[in-house]
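These are the residues of each chain, in order.
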Amino acid sequence: MKSYDVAVIGSGPGGYVAAIRCAQLGMTTALIEKYSTLGGTCLNVGCIPSKALLSSSHHYEEATKHFSDHGIDIPGEIKVNLEKMIARKQSVVDQTTGGIDFLMKKNNIDVYEGLGSFIDATHIKIEGKDAGEIEAKNIIIATGSKPSNLPFIELDKERIITSTEALKLKEVPKHMIVIGGGVIGLELGQVYYRLGAQVTVVEYMDRILPTMDAGLSKELNKVFKKAKCKMMMSHKVQSVERKGDEVIVKAENKKGEIVEFKGDYCLVSVGRRPYTDGLNAEAAGVKINERGQVEVNEHLQTSASNVYAIGDVVKGAMLAHKAEEEGVFVAETIAGQKPHIDYNLIPGVVYTWPEVAAVGKTEEELKAEKVEYKVGQFPFRALGRARASGDIDGFVKILADKTTDEVLGVHMIGARCADLIAEAVTAMEFRASAEDISRYSHAHPTFAEAVKEAALAATGNRALHV
Ligand code: FAD
Ligand code: NAD
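Rules used throughout
For every chain, the first residue of the written sequence is number 1, and numbering continues from 1 onward in sequence order. Written order determines the labels here, with chains lettered from A and ligands numbered from 1. Per-residue local features are limited, in this predicted model, to residues with pLDDT of at least 70; the limit for side-chain atom pairs, both in listing and counting, is 80 or more; totals at the level of whole chains, interfaces and linings are taken over all residues. Here the side-chain values reflect all heavy atoms present in the structure, with hydrogen atoms and water set aside. The axes used here are C-alpha line fits, helices contributing only the stretch in contact, and every angle between their N-to-C directions lies in the interval 0 to 180 degrees. In this text, helices come from DSSP runs of H or I with a minimum length of four residues, and strands from runs of E with a minimum of two, each type numbered from the N-terminal end. Under this scheme an angle from 65 to 115 degrees is roughly perpendicular, one under 35 degrees roughly parallel, and one over 145 degrees roughly antiparallel; angles in between are oblique. Two helices crossing with the near one rotated counterclockwise from the far one by less than a right angle form a left-handed crossing, whereas a clockwise rotation gives a right-handed crossing. Contacts were defined at the residue level, with two residues in contact if any of their heavy atoms lie within 4.5 Å. Residues are grouped as follows: Ala, Val, Leu, Ile, Met, Phe, Trp, Tyr, Cys and Pro are nonpolar; Asp, Glu, Lys and Arg are charged; every other residue, Gly included, is polar. A strand pair is defined by DSSP finding two or more bridges across the two strands. Expected span of a helix: the number of residues minus one, times 1.5 Å. Note on classification: 1.4 Å probe, protein chains only; a residue is buried when its accessible area is under 20% of the maximum for its type, exposed when over 50%, partly exposed between these limits. Residue ranges for the domains trace back to a domain assignment, done automatically or taken from a database. Accessible area that two parts lose when put together, evaluated with a 1.4 Å probe and summed over both, is termed the buried area. The salt bridge criterion pairs a side-chain nitrogen of Lys or Arg with a carboxyl oxygen of Asp or Glu, the two atoms within 4 Å. Residues adjacent in sequence count toward polar contacts only when both atoms are side-chain atoms; beyond that, a polar contact is any pair of N or O atoms within 3.5 Å, and within protein one must be able to donate a hydrogen and the other to accept it. Stacked, tilted and edge-to-face are the three classes applied to pairs of Phe, Tyr and Trp rings, where Trp contributes its six-membered ring and a pair requires centres within 6.5 Å; stacked means planes under 30 degrees apart, edge-to-face means over 60, and tilted covers the rest. By the criterion adopted, a ring carries a charge over it if an Arg CZ or a Lys NZ lies within 6 Å of its centre and within 35 degrees of its normal. By convention a nonpolar core is built from buried Ala, Val, Leu, Ile, Met, Phe, Trp, Tyr and Cys residues, the set being connected through side-chain atoms within 4.5 Å. Place the viewer so that the strands point away; then a crossover is right-handed whenever the path from the first strand over the helix to the second strand goes clockwise.

**Considering the packing of helix H3 (residues 47–66) against helix H4 (residues 82–106)**
- Contact pair H3 / H4: the axes reach a minimum separation of 9 Å and the direction vectors enclose 140 degrees. Taken together, the axes of H3 and H4 are oblique relative to one another. Relative to H4, the crossing made by H3 is right-handed. Note on element contacts: H4 touches H3 through Met85, Ile86, Arg88, Lys89, Val92, Val93 and Thr96, opposite Ile48, Pro49, Ala52, Leu53 and Ser56.
- Residues that form the contact of H3 with H4 fall into these classes: eight nonpolar, two polar and two charged.

The structure is reproduced here in structure tokens:
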């Protein structure tokens, strides 16, 4: 039986990054993945394919709606070739997962294809292509998550679907009903409304993106409404039924009335659940809590001291970069180092257009924590760069401590915010004040100037261009 310093179960961004860092630190490392391609949810059916379709559909929207504003006239009809768009998405996925194969080889990591399950806390059984048993001094559980469902919905995966099927549809829906106005519902809802589908978003809470700053929800809601999407907030879905090619969704509104929506596809995007099926965690003495998460302490150590868990399968945000940070953290912990993660500084991004991004505390959280704060906000429409490209929607909002001026949260919606948020993370990591940000130079003309202007606004109403 082959023996390793570390075995990692699951090859998503948590698992494969943990494996690389373990190998870099001189540990012999094995990676076990039940599917034939590496990269987990993120690379195969998550971050990468959804961003490929968002990019393709954005190009289509630009070509059909905005090229003429720039003086570009395209003679004839512009058409979507969905089959080609989906094939391109798959080739992006294939290149990216192939890249992980290369990284495993480069770092001398042994990859096993098959379902990994615990025999005990140091032995793993592998069932599948590379069937057998391996031994490891330390084991990292990185088994990720799967889409959750509502108990009364039968997913037929043809017309009542999750994100996984929505990434490979064979036709553009006529009317897609999206249950859940969270990240997946909005990103994939936007893909399909851009391609010509009518989209109805049915959300249980009173706003989309309910965990983000309310100002961002309001602004993105306007964008969806402008695209003629029906945004049904405060609607609790009661039933989903398929009749032939039709899907009927019934939901209860605030007044207690039952409202019916009829479409040809229904995307169920009500969150994801941690995935431990088939892992036999009990055999290693690893506790799973009532939410289905692997229970971990502050070192991401499970109830078995040599077994760690990271990513979507443990508590916290279900984000690829959070999983990656935890992968590095655990590898360094096993190597005897003292790593640190500041969870408050893990940014959240929604890759719609305009993009939505945030880091740190929201106004709602600061109020609840009774922290006194100042707000500096700056609209993109006041930027020369935004007008030049025609992307004037959105704003940057900086929240700073009323007394010390330390930046406590940054919330933004607008062009390129997914990249702009990195400046806010850096500033907060170094505990910058709003005045610090306002005093260093930002190139002109850029979208980043909105960050500087919002910082000026927070430092005492000193924004220069409003
Ligand atoms: P996963 O990526 O889920 O990987 C777990 C792996 O473990 C899987 O490959 C699985 O097959 C394998 N596995 C499970 N059990 C076993 C077993 N017993 N034996 C062997 N292998 C096993 N996050 C972002 O940060 N940005 C985004 O833009 C983004 N977009 C997303 C879009 C969609 C449509 C979805 C669904 C998710 C998106 N996410 C995004 C979330 C992101 O994909 C996850 O947070 C991330 O993949 C979690 O990484 P992980 O390593 O914990 O688990
Ligand atoms: P989510 O938690 O973001 O949103 C789910 C939404 O469904 C919530 O707004 C919730 O109020 C609503 N909901 C729940 N029950 C409902 C009901 N009965 N009726 C109507 N609405 C209901 O979950 P998601 O969009 O499915 O995404 C899953 C995970 O994947 C998230 O944790 C997210 O972090 C991750 N993800 C991230 C990205 C990104 O970083 N850009 C993209 C996609 C997914």
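**What to know about the sheet that holds strand S19 (residues 355–360)**
- With respect to topology, five strands assemble into an open sheet ordered S18-S19-S22-S21-S20, the strand pairing being antiparallel. What marks the edges here is a single partner per strand, and that holds for strand S18 (348–350) and strand S20 (373–379). Across the sheet, the mean angle from the axis of one strand to that of its neighbour is 10 degrees, orientation sign disregarded.

**Things to note about helix H8 (residues 320–334)**
- Between the first and last C-alpha of H8 there are 21 Å, a value that for 15 residues agrees with the 21 Å anticipated at 1.5 Å per step.
- Counted residue by residue, H8 has 11 buried out of 15 residues, so it is predominantly covered.
- For H8, every residue scored as buried is listed here: Ala320, Lys322, Ala323, Glu326, Gly327, Phe329, Val330, Ala331, Glu332, Thr333 and Ile334.
- Looking at the buried residues of H8, the elements they touch are strand S1 (2–9), helix H1 (13–24), helix H2 (40–45), H3, strand S6 (132–141) and strand S17 (307–309).
- At the exit of H8 stands glycine 336, carrying a positive phi of roughly 90 degrees.

**Some words on the domain arrangement of the chain**
- Each assigned domain of the chain is listed here: domain 1 (2–147 + 273–341), domain 2 (160–270) and domain 3 (345–458).
- Taking the mean C-alpha position of each, domain 1 and domain 3 sit 30 Å from one another.
- Domain 1 puts nine residues into the contact, and the matching count from domain 3 is seven residues.
- Across the domain 1/domain 3 interface, buried area totals approximately 630 Å², and carbon plus sulfur atoms make up 74% of it.
- Among the residues domain 1 hides against domain 3, the three largest losses belong to Lys51, His58 and His321. Together they make up 47% of the total.
- Where domain 1 touches domain 3, the interface holds zero salt bridges.
- Remark: the boundary between domain 1 and domain 3 carries one residue pair in polar contact (both at pLDDT 80 or more).

**As for the packing of aromatic side chains**
- Per the stated rule, a full pass over the model turns up three aromatic pairs.
- The ring of tyrosine 275 carries the charged tip of lysine 146 above its face, separated from the ring centre by 4.9 Å.
- Between the NZ or CZ atom of arginine 159 and the centre of the ring of tyrosine 265, over which it lies, the distance is 4.7 Å.

**Let's talk about the nonpolar core**
- Ranked by size, the top nonpolar core spans 53 residues in total, and within it Ile134, Ile140 and Ile141 carry the most contacts.
- For this core, the element with the highest residue contribution is H1, accounting for seven residues.
- Leave out the neighbours within four places in its chain, and isoleucine 134 touches Met1, Lys2, Tyr4, Ala7, Ala30, Ile32, Tyr112, Thr122, His123, Ile124 and Ile126.
- Grouped together as the second largest cluster of nonpolar side chains are 38 residues, Leu53, Val178, Leu186 and Leu220 included.

**A closer look at the pattern of salt bridges**
- For the structure on display, the rule yields 21 salt bridges.
- With its nearest N and O atoms 2.8 Å apart, the salt bridge here joins glutamate 332 to arginine 21. One end of the pair, glutamate 332, is in helix H8; the other, arginine 21, is in helix H1, and 311 residues separate them in sequence.
- The salt bridge involving lysine 397 is made with glutamate 363; its shortest N-O contact spans 2.6 Å. Residue lysine 397 is located in strand S21 (residues 395–401), and its partner glutamate 363 is located in helix H9 (residues 363–368); the two are separated by 34 residues in the primary sequence. Both residues of the pair, lysine 397 and glutamate 363, count as buried.

**Considerations on the pairing of strand S10 (residues 198–202)**
- Among the five residues in S10, four count as buried, and that is most of the element.
- In this structure, strand S9 (residues 175–179) lies alongside S10, joined through five bridges in parallel fashion. Bridge pairing in S10 links valine 178 to valine 201.
- Regarding topology, helix H6 (residues 183–194) serves as the crossover connection from S9 to the parallel S10, and that connection is right-handed.
- Examined bridge by bridge, S10 and strand S11 (residues 230–232) share three bridges and lie parallel to one another. In the sheet register, valine 202 faces S11, and the bridge partner there is methionine 232.
- Taken together, S10, helix H7 (residues 214–226) and S11 constitute a β-α-β crossover, and its handedness is right-handed.

**Remarks on the environment of alanine 227**
- As for its position among the elements, alanine 227 is in the loop between H7 and S11.
- By relative accessible area, alanine 227 is classed as partly exposed at 29%.
- Placed 28 residues apart in sequence, alanine 227 and valine 199 show a C-alpha to C-alpha distance of 9.1 Å.

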